[in-house]
Amino acid sequence: MKKQWWHGKTAYQIYPKSFFDTNGDGIGDLQGVIRKLDYLKDLGVDIVWLSPCYVSPLADQGYDIADYYAIDPRFGTMEDMDQLLAEAKKRDMYILMDLVVNHCSDEHEWFKKACEDPFGKYGKYFYIEQVKDGKLPCNWRSYFGGPVWEKLPGHDDLYYLHVFHKKQPDLNWENPELREEIYKMMNWWLDRGLAGFRIDAIINIKKALPFKDYPADREDGLCSVHNMLHEAKGVGVFLGEMRDRTFKPHNSFSVGEVFNEKEEELPDFIGDDGYFSSMFDFAETVFGQSGDGWHASSGITPDDYRNCVFATQRKIGQIGYISNIIENHDEPRGVSRYIPEGEATPAAKKMLATVYFLLRGLPWIYQGQEIGMENIKLNSIDEVDDISSIDNYKVALAAGVSEKEALHMIELYGRDNARTPFQWNASENAGFTTGTPWLRVNPNYTQINLAAQKDDPDSIFQYYRALSRLRKDPAYQETLVYGAFIPYLEDHHNVMAYLRRTDDQTILVIANYQTQPQTLPLPGKVNRILLANTGNVSIQNGQIDLEGYQAVVLELGNVIQ
Ligand code: GLC
């Protein structure tokens, strides 16, 4: 694998709407991001991905873009964006934007023009089909519920395709003119100083055509879009073209939201000449999901979590560089998902931080993760904003699940969990805004907030700082960034341990993923304790006594394995 400028960095995702509000409208803004750059720098962050802040009706919180060349006034102006790029540069930081090009908004001028003239230039930017006798072109179910087909405004017999929400019409990537428009826009941003993009929902850009039905998998008579994705061939042609026309000439960084890739395609995606610099590991996030909806999902145990993560590490090997996360804006909080209920103490949160952060790959922190933010409790469905949660709620009720259980399901899996405002301090609204926050602040902000942790050497925040520093320490960097990943004690229940290894150095990450203590063998002599999430590290006779949820990072000598 070729070394790249970004391999040794720490990356961070900002969800601008919920990060920091400087003008009191209850919505986070770009000035808020600028205001917090020093904070991020101090945490150890180099690369910052901003979830969408382009002009948007926010039907899917900005993942429905009405103008790719403008900042939504709720988030600020293009001057704010230029200022952010300049301020980031001063601090040796890199800004990524979200590239949402499977679809745009139905309020984008392309779509408006397509409605005016469905058979003209802009009609060909979308998938528009004639519908006879009410029979839709295919029976796919959109990700947010209901058929993927919606009547084209102003035309009774024409329907357009949307694999997500009906306000997110799919762009027709088969049309070279559309592709040119996208590359032009990407280059416009990269020329402006953007370091790259996070690439949204990208696998969906290739449709299996012509449209056809697949066997229905629920009583609604529809089928999952995955049937079609499975059959769609040739997404690589588009992605390779995108790479050559945009990323490559700018030496920019790109990280794909890639689901359902086939193992043999990994080198194409993230190999040395891959479509993207990196892609996220979602093995653990999708674990336990059911085609029937969230209500039919099963939880994940510590052993499952370890097995998912290790499977990805093995699969990737030296092919490329994966991006490791425990949460993002579409997921519940990592500490609420991957630590069994009732056990998410600060020590357990730091343990989880240790085991994912030091894997081979680029570590990402999602805003609030660094202070141990948790899922939010719900009193009623009226408190829920996320369209996906609302759809899954309806699906659950239709399947006979009680309202109480359906609400609990949203507490476990809902996307709002990660979208509640950042908890800066214990003052009103957690210091996020002086106005009324657009989404409820998690009431636990009085305990969990940055101000309470900032100067506490034992805090979760300081622990994340230490992890980032350790990974960048010249004495260990080569091993922690590039060293091989070797599982250790993989068959031990509730243990997550692995070696990171180069010819010259071996580092052991070892964690007790449960409340009861465990004594475990060590694979070699301990040269140095590099980090531990609790004070006492007890090593004797080639063994380590780990307290509940203790995680320790050791530099070893003479490893036999
Ligand atoms: C991605 C985004 C998600 C969005 C969807 C449609 O999965 O992460 O937030 O709803 O794409 O754009």
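One can find the structure itself at the top, above this paragraph.
How each quantity is defined
- Starting from 1, residues in each chain are numbered consecutively following that chain's sequence as written.
- Per-residue local features are limited, in this predicted model, to residues with pLDDT of at least 70; the limit for side-chain atom pairs, both in listing and counting, is 80 or more; totals at the level of whole chains, interfaces and linings are taken over all residues.
- Side-chain numbers come from the whole structure's heavy atoms, not from hydrogens or water.
- Every helix listed is a DSSP run of H or I at least four residues long, and every strand listed is a run of E at least two residues long, numbered separately from the N terminus.
- Note on definitions: a residue-residue contact is assigned when non-hydrogen atoms from the two residues lie within 4.5 Å.
- In summary, the charge assignment counts Lys and Arg as positive and Asp and Glu as negative, without counting His or the chain termini.
- Where a charge lies is defined by one atom per residue type: Lys uses NZ, Arg uses CZ, Asp uses CG and Glu uses CD.
- One heavy atom within 4 Å of a molecule or strand makes the whole residue count as near it.
- Here a polar contact is taken to be a pair of N or O atoms separated by no more than 3.5 Å, where protein atoms must pair a possible hydrogen donor with a possible acceptor and residues adjacent in sequence count only if both atoms sit in side chains.
- Calculation of accessible area relied on Shrake-Rupley with a 1.4 Å probe; when residues are assessed, cover is drawn exclusively from the protein chains displayed.
- Polar here means any residue other than Ala, Val, Leu, Ile, Met, Phe, Trp, Tyr, Cys and Pro, which are nonpolar, and Asp, Glu, Lys and Arg, which are charged; Gly is therefore polar.
- Under the convention used throughout, the expected extent of a helix is 1.5 Å for every residue step, that is, one less than its residue count.
- Working definition: with a 1.4 Å probe on protein chains only, accessible area under 20% of the residue-type maximum means buried, over 50% means exposed, and in between means partly exposed.
- To define a nonpolar core, start from buried Ala, Val, Leu, Ile, Met, Phe, Trp, Tyr and Cys residues and group those joined through side-chain atoms within 4.5 Å.
- Fitting one axis to the seven residues ending at a residue and another to the seven starting there, the bend at that residue is the angle between the two axes.
- When the centres of two rings from Phe, Tyr and Trp lie within 6.5 Å, Trp using its six-membered ring, the rings pair. Their planes under 30 degrees apart give stacked, over 60 give edge-to-face, and anything left gives tilted.
- Over a ring means this: the NZ of a Lys or the CZ of an Arg is within 6 Å of the ring centre and within 35 degrees of the ring normal.

Asks: What is the right way to read the overall build of the protein from this model?
Replies: When helices and strands are tallied, the protein shows 18 helices and 23 strands. Once the C-alpha set of the protein is aligned to its principal axes, its extents read approximately 80 × 50 × 50 Å. Looking at the protein alone, contacts between residues at least 24 apart form 71% of all its contacts between residues at least 6 apart. In the protein, the 57 positive side-chain charges and the 82 negative ones have mean positions that sit 4 Å from each other.

Asks: Can you help me understand the site of the ligand in this one?
Replies: Neighbouring the ligand are 14 residues; Asp-60, Asp-200, Glu-257, His-329 and Asp-330 lie closest to it. Taking Asp-60, its side chain carries an N or O atom lying 2.4 Å from an oxygen atom of the ligand. Side-chain polar atom of Asp-330 to an oxygen atom of the ligand: 2.4 Å apart, as the coordinates give it. For the ligand, the accessible surface in isolation is 310 Å², of which the surrounding protein chains cover 95%. Residue composition of the shell around the ligand, by class: four nonpolar, three polar and seven charged.

Asks: Would you take a moment to explain the side chain of Asp-170 for this structure?
Replies: One can find Asp-170 in the loop between strand 9 (158-161) and helix 5 (176-192). A polar atom in the side chain of Asp-170 sits 3.1 Å from the side chain of Asn-102.

Asks: In this structure, what is going on with helix 13 (residues 387-398)? I would like to understand it.
Replies: Residue pairs three or four apart in sequence face the same way in an α-helix, which turns once every 3.6 residues. Compared with an ideal rise of 1.5 Å per residue, which puts twelve residues at 16 Å, helix 13 spans 17 Å between its outermost C-alpha atoms and is within 8% of the ideal. Those residues of helix 13 not exposed but buried are Ile-387, Ser-388, Ser-389, Asp-391, Asn-392, Tyr-393, Val-395 and Ala-396. Those residues of helix 13 that are buried lie in contact with helix 14 (403-413). Following helix 13 by one or two positions, Gly-400 adopts a phi angle in the positive range, close to 95°.

Asks: Just to check I follow, could you spell out the nonpolar core for this structure?
Replies: The tendency in soluble globular proteins is for nonpolar side chains to be buried side by side. Met-81, Phe-197 and Tyr-305 are the most contacted members of the largest nonpolar core, which totals 163 residues. If you look at the next biggest cluster of nonpolar residues, it comprises 15 residues, including Leu-489, Leu-508, Leu-554 and Leu-556.

Asks: Could you clarify how one ought to interpret helix 7 (residues 235-250) in this entry?
Replies: In a regular helix each residue adds 1.5 Å, so 16 residues correspond to 22 Å; helix 7 covers 22 Å between its end C-alpha atoms and thus fits that length. Its axis deflected by about 40° at Arg-243, helix 7 carries its strongest bend there. The set of residues buried in helix 7 consists of Val-235, Gly-236, Phe-238, Leu-239, Gly-240, Met-242, Arg-243, Thr-246 and Phe-247. Where helix 7 is buried, its residues contact strand 5 (94-99), helix 5, strand 10 (196-199), strand 12 (253-256) and helix 8 (266-270). Asn-251, located one to two residues past helix 7, shows a positive phi value of around 45°.

Asks: Please explain the packing of aromatic side chains as it appears in this structure.
Replies: One pair of aromatic rings is described through two measures. These are the centre distance and the angle between the planes. Applying the stated criterion to the full structure yields 47 aromatic pairs. With a centroid separation of 6.3 Å and 80° between ring planes, the pair formed by Tyr-39 and Phe-422 is classed as edge-to-face. Remark: Phe-422 occurs in the loop between helix 15 (416-419) and helix 16 (450-454) and Tyr-39 occurs in helix 2 (residues 37-43); sequence separation between them is 383 residues. Assessed through its relative accessible area of 7%, Tyr-39 is described here as buried. A relative accessible area of 0% places Phe-422 in the buried class. With a centroid separation of 5.1 Å and 80° between ring planes, the pair formed by Phe-111 and Phe-126 is classed as edge-to-face. Pair noted here: Phe-111 is in helix 4 (residues 109-116) and Phe-126 is in the loop between helix 4 and strand 6 (128-130), with a separation of 15 residues, a long-range link. The two residues Phe-111 and Phe-126 agree in class, both being buried. One aromatic cluster is present, built from ring pairs that chain together Trp-5, Trp-6, Trp-49, Tyr-94, Phe-253, Phe-259, Phe-280, Phe-282, Tyr-321, Trp-364 and Tyr-482. Stacked on the ring of Tyr-482, the Lys or Arg Lys-3 has its end atom at 4.5 Å from the ring centre. The residue whose ring lies beneath Lys-17 is Trp-438, and the NZ or CZ to ring-centre distance is 3.9 Å.

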